Each structure stands twice: as structure tokens, then as C-alpha cells.
Amino acid sequence: MRNPLNKTIVTIEPSGIRKFFDIVSEMKDAISLGVGEPDFDTPWHIRDEGIYSLEKGRTHYTSNAGLKELKAEIAKFLSRRYGLSYDYNKEMFVTVGGSEAIDIAMRAMLDPGDEVLIPQPSYVSYLPCAVLANGTPVVIELKEENQFRLTAEELEAAITPKTKLLVLPFPNNPTGAVMEKEDLERIAELVIRHDLFVLSDEIYSELTYLERHVSIASLPGMRERTLVINGFSKSHAMTGWRLGYVCGPEAIITQMLKIHQYAIMCAPTMAQYAAVAAMRDGDEDVAGMREEYNGRRRYLMHRFREMGLQCFEPFGAFYVFPCIKEFGMSSEEFAETLLASQKLAVVPGTAFGECGEGFIRISYAYSLESLKTAMDRLEAFVEERRKG
Amino acid sequence: MREKILTFIEKNSRIDLKELAIVLGVEESAVINELEQMEAEHIICGYHTIIDWDKVGQDKVMAMIEVRVTPQRGMGFDKVAERIYNYPEVNAVYLISGGFDFMVILEGKTLREVAQFVSDKLSPLDSVLSTKTNFILKKYKDHGTVIASKTKDERIQMIP
């Protein structure tokens with residue numbers, strides 16, 4: 001029989017946390033801090049709207065780009081929260097989560113040989129999506145001493161004549177790093193000078209604890225070269241609804257919409273109706289969750305200080321990224337031993353790129369109570385290891 | 001800071017004050033000061049526990065009684081309310097807009113006990129015109145807390 005497979009797909013590694021997942025799900029009394037989604041259920045008024053749409057028999061396709069009503073609400077949201085202005089008829093459409101938008105953005109923008117700059121540690125899908133879109137991923141290794149922000153120097157060093165697209169994953173999963181306005185201005189200047197485009201994945205934009213999130217698209221000259229990807233999963237605790245959106249220059253959006261049209265058709269209809277409620281009346285829900293996350297974040301940072309575990313203070317998303325280099329183990333070994341001895345699961349930093357070596361990702365999308373127990377376990381582990 | 005403390009302890013009054021200070025990002029002494037002041041100012045009026053008495057197997061009967069009254073001259077409703085809320089059996093008294101005046105929440109061991117309170121103590125009060133007793137059959141949610149058993153974390157335990 002002939003090889004049924006595409007040559008590229010077989011080169012792509014499956015996600016590195018699979019192994020841990022299998023162990024954790026078998027282990028009794030294990031606490032996992034490995035979850036990358038909110039612990040909150042979707043606020044009831046949003047769920048209610050989804051249920052209502054089903055009752056009303058709104059079970060059909062929407063237009064490819066999504067419900068007009070939803071797009072109008074998204075445009076208002078982006079304007080009131082980040083000062084972005086998009087024509088929702090031409091410069092935006094609704095996707096199946098931010099993930100779909102990442103994929104089709106790469107497919108719509110890349111030609112073979114085009115280089116895509118991907119800062120790491122970062123979410124696992126940028127690199128495979130770039131490869132599958134025939135692009136050439138070029139990793140920029142972010143550093144703890146810069147609080148895992150992307151610096152202009154790092155960017156400039158990675159730019160070649162083939163560079164076309166820069167992925168900007170902030171607020172960042174797994175580090176929790178944010179980019180402030182001044183950081184972005186330095187990046188924007190280079191992007192414009194080298195005639196690059198930016199794919200700005202802002203899925204955690206509502207979860208920042210220092211200042212309100214700044215979108216690079218809001219900086220002068222950047223709107224025409226930026227795709228903003230966002231969604232409802234993290235901000236409104238709507239991961240399972242699979243709903244996101246992408247905004248950008250009409251020329252790119254029009255082409256992306258073709259892929260969406262042929263590959264997806266449209267995002268789930270009832271999710272779209274629910275999301276209208278999220279955009280219209282959800283700001284308070286988000287504020288409440290943000291406040292909770294922030295309290296947990298402070299609590300974790302405090303516990304790390306107490307146990308003398310080095311960790312830069314992150315101001316976004318719901319992750320902390322402590323350094324475990326002092327224990328002389330690789331991230332994966334650390335995570336494995338921690339799980340075996342204390343039944344506490346964390347994600348090794350290397351799941352998010354090689355430069356995540358020496359770090360672990362801890363999610364605080366958990367109740368304060370669970371975090372307390374988890375930190376007690378981590379503390380016991382750390383002390384035991386230090387004794388040798 | 002007051003509002004933040006209150007929002008937090010309204011849901012979890014048992015939190016360790018040191019932890020509360022960490023979570024709010026302030027000094028522990030500041031939290032203690034604020035709490036003491038708010039207790040003194042009667043902003044914080046008490047710390048109670050939400051109990052599902054059904055699970056203890058102890059019978060408790062609760063009733064919401066709609067009471068119509070004639071307000072007393074010069075005193076309005078407050079004087080009448082006082083006569084009612086001074087009974088220890090009375091859990092809560094609210095002045096209500098609409099078809100009646102007070103909502104009185106009463107707790108007793110048996111139906112009989114509650115009924116007796118209404119007929120012996122509440123109804124005979126001079127200013128009480130009428131009462132309507134509604135027994136509570138089942139409590140679903142109290143003080144913002146769903147009484148039904150805790151839901152399990154059904155998330156997949158490792159997600160990148």
C-alpha cells in the first residue's frame with residue numbers, strides 16, 4: 001500500500017503533556033495545576049442565552065462571517081476596552097475559537113519559505129500551524145531577566161529578508177508575561193521598518209493585573225499590518241463553546257474568510273447567540289473573575305517567596321512560571337518526580353518550547369482552597385529536595 | 001479596600017486574615033483594623049454559617065409569614081417591627097412594598113410550633129391585621145450559596 005500520509009504532518013510532534021495527562025487521570029487524590037482553562041463555569045445569563053437560542057430553534061447555519069448582531073457587539077467591545085475600531089462587515093469574522101483563527105491566518109498569509117517569528121515559551125499551536133501552512137518557523141527565545149517580554153533587540157536579531165510575520169502572544173501562556181505600551185512601541189517601530197505583519201494573539205487580554213491590556217493594533221501605523229485574534233474562552237469562561245474572532249485589514253480578512261467558508265462554514269450558532277450576551281452584559285462578570293484570579297496570583301507569589309522559589313511576577317493570564325533550575329533536574333524530571341512523590345501535577349516549561357527548560361507552568365485557574373493544598377505539597381517537595 | 005474585604009468575606013468569612021491580606025495585596029494589620037472598625041460601625045453585623053439542616057437529620061421548619069399591620073402613630077412601622085423581631089424564634093423581619101407590610105421569617109422545630117407562634121404571639125399583637133403563613137418545603141439556595149451538593153471539577157486535567 002502507498003503511504004497515505006502527507007510528508008509534513010508526520011514531522012509534527014504530538015503535544016508534550018500527553019504523558020502527564022495519562023498518569024494524572026489514573027492517580028487518585030492527585031491535584032493537577034495543569035489546566036489551561038478557567039475554573040469558573042460560563043456565567044449563567046450567557047448560558048441562558050445559549051439555551052434560549054436552542055429553544056427558539058436557532059439551530060441553523062449563520063452567515064460565514066458570523067451573526068451580524070454578534071460582530072457589532074464585538075466591535076463595540078474592542079472599542080470600549082482597547083480603543084480599537086473595526087468595520088465589522090469587512091474587517092472581522094467569528095471563528096471556532098482563537099485556534100481556528102491562528103491556523104487560517106497562517107494559511108492565508110504564508111508562502112513557502114516565508115519566515116514566521118515565534119517567541120517562546122508560548123502556546124503550542126503557532127509552530128505546527130506555521131509548518132502546516134508551509135511557512136518556516138523561527139523561534140525567538142524569551143528570557144526571564146526580561147520578564148519574558150519580547151525586546152526590540154531580540155526581535156531585530158531574528159529578522160531576515162525572508163521574515164514576513166511576527167506572532168505576538170501576550171498576555172502569555174505559559175509565562176503570564178504582558179507587554180506594556182512602551183514595549184509594544186519598540187516592537188511596532190521595527191515591524192514597520194522591516195515591513196512585517198503581526199499576528200497578535202490576545203486571547204488573555206481581559207486578564208491583566210497591572211494596567212489594562214494594550215493591543216499593538218492600536219499603535220500608529222500598526223492597524224494595517226496586524227491581525228488581532230481574540231475570543232470568549234478565557235475572558236468569559238467559555239472554552240467549551242468554541243468561539244473566537246479575528247479582526248484585521250480587509251485584504252487579509254477577505255482571504256481568510258474563504259478558508260473559513262470552505263473548511264468550517266460558520267462558528268456554532270448557539271454559541272454565537274450566547275456570546276452576544278457575553279459582549280453586551282458580561283463586563284462585570286469578567287471584572288469579578290479578574291479580581292479572583294488576581295487574589296490567587298498574589299497568593300501564589302507569596303507562597304513562592306516563602307519557600308524561596310524563584311519566580312518573576314507575571315501580570316497576565318492565569319499562569320505563573322517559576323524557575324526550578326536550583327534542583328538540578330530538567331523540567332520534565334521535576335514534573336514527573338513532583339507528581340510521583342506529592343501527587344501534584346504541573347506542566348514542564350519545555351511543553352511550550354525548548355527555552356522553557358528550567359521552568360514549570362502552574363495554573364491558578366483553581367479555587368484558593370485547592371491552591372493552598374497544592375502549595376503545601378509543592379513546599380514539602382521543595383524542602384525535601386533541598387535536603388538532598 | 002472596605003468593599004474588597006466585604007466582597008470577599010461575604011462569601012468566606014472564615015478565611016485566615018493573614019491569607020486575606022495576601023490575596024488583597026495589603027498588610028495584615030490593615031485588614032484587622034478595617035474589620036474591627038466595620039464591626040464597631042455595625043457595617044459587619046455578624047458572622048453566620050450556612051447549614052443544610054436536612055443532612056444533620058434534625059427537623060427544622062421554616063416559614064415565611066406575610067404580615068399586614070397598622071402602623072402606630074408617630075412610630076411608623078419600626079415600633080411594630082421591633083415587637084416582632086424581639087422574639088428569638090424570629091429569624092428575619094423585612095419591611096416590604098406591595099400587598100403586605102412585613103415578611104417575617106420564622107424557624108421552629110415542628111409545624112405545630114411555628115403555627116402556635118403565629119396564633120399565640122404574632123396575630124394577637126394590637127397592630128397586626130392579618131397573617132399568611134408560607135412553610136418552606138425545600139431550600140435550594142441561601143445567601144448566594146447553592147445548597148445542593150458540590151459540583152466536581154470536570155475539566156480535563158492537563159491542557160496546554
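Residues numbered from 1 in each chain as written. Chains lettered and ligands numbered in written order. Predicted model: local features only at pLDDT ≥ 70, side-chain atom pairs only at ≥ 80, totals over all residues. Heavy atoms only, no water.

Draft legend 1. Summary view of the interface of chain B and chain A. On the side of chain A, 32 residues touch chain B, which itself brings 17 residues to the contact. Taken together, the two surfaces of chain B and chain A that pack against each other cover about 1,900 Å², and 61% of this comes from carbon and sulfur. The three residues of chain B that bury the most area against chain A are Arg155(B), Met158(B) and Pro160(B), which together make up 42% of that side's buried surface. Put simply, chain B and chain A have three salt bridges between them. Two residues, Lys372(A) and Glu19(B), come together in a salt bridge whose shortest N-O distance is 2.8 Å. If you look at where chain B meets chain A, you find 12 residue pairs in polar contact (both at pLDDT 80 or more). Only α1 (2–11) and α2 (17–24) of chain B provide two or more residues apiece to the side of chain B that touches chain A. A class-by-class count of the residues in the side of chain B that touches chain A yields nine nonpolar, two polar and six charged. (Contact = heavy atoms within 4.5 Å. Buried area = accessible area lost by both parts, 1.4 Å probe. Salt bridge = Lys/Arg side-chain N within 4 Å of Asp/Glu carboxyl O. Polar contact = N/O pair within 3.5 Å; in protein donor to acceptor, adjacent residues only side chain to side chain. Helix = DSSP H or I, 4+ residues; strand = E, 2+ residues; numbered from the N terminus. Nonpolar A, V, L, I, M, F, W, Y, C, P; charged D, E, K, R; others polar.)

Draft legend 2. Representation of the state of the cysteines within the structure. Taken as a whole and judged by the stated rule, the model has zero disulfides over all chains. With no disulfide of its own, Cys247(A) has Cys266(A) as its nearest cysteine by sulfur position, at a separation of 18 Å. (Disulfide = S-S within 2.5 Å.)

Draft legend 3. Summary view of the sheet that holds strand β8 (residues 244–247) of chain A. Residues and elements named next belong to chain A. Spatial ordering of the open sheet is given by β2-β8-β7-β6-β5-β3-β4, a layout of seven strands whose pairing is mixed. With partners counted over all chains shown, the strands left at the sheet margins are β2 (92–95) and β4 (136–141), one partner each. The average undirected angle you get between the axes of adjacent strands in this sheet is 20°. Where strand β3 (residues 115–120) meets β4, six bridges bridge the pair, whose relative direction is parallel. Bridge pairing in β4 places Gln120 opposite Glu141. Packed onto the sheet, helix α4 (residues 97–109) meets β2, β3, β5 (163–168), β6 (197–201), β7 (226–231) and β8 and runs at close to 160° relative to β7. (Pairing = 2+ DSSP bridges. Axes fitted to C-alpha atoms, helices over the stretch in contact; angles between N-to-C directions.)

Draft legend 4. Region of interest: the layout of surface pockets. Residue and element names in this part refer to chain A. Approximately 590 Å³ is the volume attributed to the second largest pocket. Lining the second largest pocket we find 23 residues, and of these Glu13, Val124, Leu127, Pro128 and Ala351 sit closest to its centre. Contributions of two or more residues to the lining of the second largest pocket are made by α5 (126–132) and β4. The element contributing the most residues to the lining of the second largest pocket is α5, with three residues. When its residues are assigned to classes, the lining of the second largest pocket shows 12 nonpolar, seven polar and four charged. Shared between two domains, the lining of the second largest pocket takes at least three residues from each, and those domains are domain 1 (9–42 + 284–383) and domain 2 (44–281). (1 Å grid on protein atoms, 1.4 Å probe; cavity = no way out; pocket = protein on both sides within 12 Å on 5 of 7 lines; lining within 4 Å. Points joined across faces, edges and corners; volume = space filled by probe spheres on them. Domains from an automatic or database assignment.)

Draft legend 5. Structural detail: empty space enclosed by the protein. Residue and element names in this part refer to chain A. A complete count under the given rule lists two cavities of 30 Å³ or more for this structure. Of the pockets and cavities examined, the largest cavity occupies roughly 70 Å³. In terms of lining, the largest cavity is formed by Leu168, Phe170, Pro171, Val178, Met179, Leu184, Ser200, Glu202, His213, Val214, Ser215 and Ile216. Partitioning the lining of the largest cavity into residue classes produces eight nonpolar, three polar and one charged. Lining the second largest cavity are Phe77, Ser205, Glu206, Asn230, Gly231, Ser235, His236, Tyr245 and Met279.

Draft legend 6. Summary view of the side chain of Glu100(A). Residue and element names in this part refer to chain A. If you trace the backbone, Glu100 turns up in helix α4. In this structure, Glu100 is buried with no salt-bridge partner, the nearest side chain bearing the opposite charge being Arg107 at 6.9 Å. Looking at Glu100, its side chain comes within polar contact range of the side chain of His260, at 2.6 Å. For Glu100, the residues in contact, after removing those within four places along its chain, are Thr95, His260 and Ile264. (Buried < 20%, exposed > 50% of the residue type's maximum accessible area, 1.4 Å probe, protein only. Lys, Arg positive; Asp, Glu negative; His and termini not counted.)

Draft legend 7. Representation of the pairing of strand β2 (residues 90–95) of chain B in the model. Residues and elements named next belong to chain B. Examined bridge by bridge, β2 and strand β3 (residues 102–108) share five bridges and lie antiparallel to one another. By the bridge assignment, Ala92 is partnered in β3 with Ile105. Where β2 folds back onto β3 in an antiparallel hairpin, the turn is made up of six residues, including Gly98, whose phi is positive at roughly 115°.

Draft legend 8. Spotlight on the nonpolar core. Ranked by internal contacts, the top residues of the largest apolar core, which has 64 residues, are Leu33(A), Leu300(A), Phe304(A), Phe334(A), Ile362(A), Met375(A) and Leu378(A). Setting aside anything within four residues of it in sequence, one finds Phe334(A) in contact with Ile324(A), Phe327(A), Met329(A), Ile360(A), Leu378(A) and Phe381(A). (Core = buried A, V, L, I, M, F, W, Y, C linked by side-chain atoms within 4.5 Å.)

Draft legend 9. Seen up close, the domain arrangement of chain A. Residues and elements named next belong to chain A. Each domain of chain A was delimited in the assignment, giving domain 1 (9–42 + 284–383) and domain 2 (44–281). Computed over C-alpha atoms, the centres of domain 1 and domain 2 are 25 Å apart. Contacts between domain 1 and domain 2 engage 37 residues on the former and 40 residues on the latter. Of the roughly 3,200 Å² buried at the junction of domain 1 and domain 2 (both faces included), carbon and sulfur atoms supply 62%. Inspection of the region where domain 1 meets domain 2 yields one salt bridge. For the salt bridge of Glu206 with Arg290, the shortest nitrogen-to-oxygen distance reads 3.3 Å. At the surface where domain 1 touches domain 2, the tally comes to 17 residue pairs in polar contact (both at pLDDT 80 or more). Those elements that place two or more of their residues in the side of domain 1 that touches domain 2 are α10 (283–307) and β9 (319–320). Tallied by class, the residues present in the side of domain 1 that touches domain 2 amount to 22 nonpolar, seven polar and eight charged.

Draft legend 10. Looking closely at the sheet that holds strand β4 (residues 128–135) of chain B. Residue and element names in this part refer to chain B. Spatial ordering of the open sheet is given by β2-β3-β1-β4, a layout of four strands whose pairing is antiparallel. The open sheet is flanked by β2 and β4, the only strands paired with a single partner. Strand after strand, the sheet turns through a mean of 20° between neighbouring axes, direction not considered. Relative to β4, strand β1 (residues 61–69) runs antiparallel, the two sharing seven bridges. Pairing of Ile65 across the sheet is with Thr133, part of β4. Contacts from helix α5 (residues 76–85) reach β1, β2 and β3, with the element oriented near 165° to β2.

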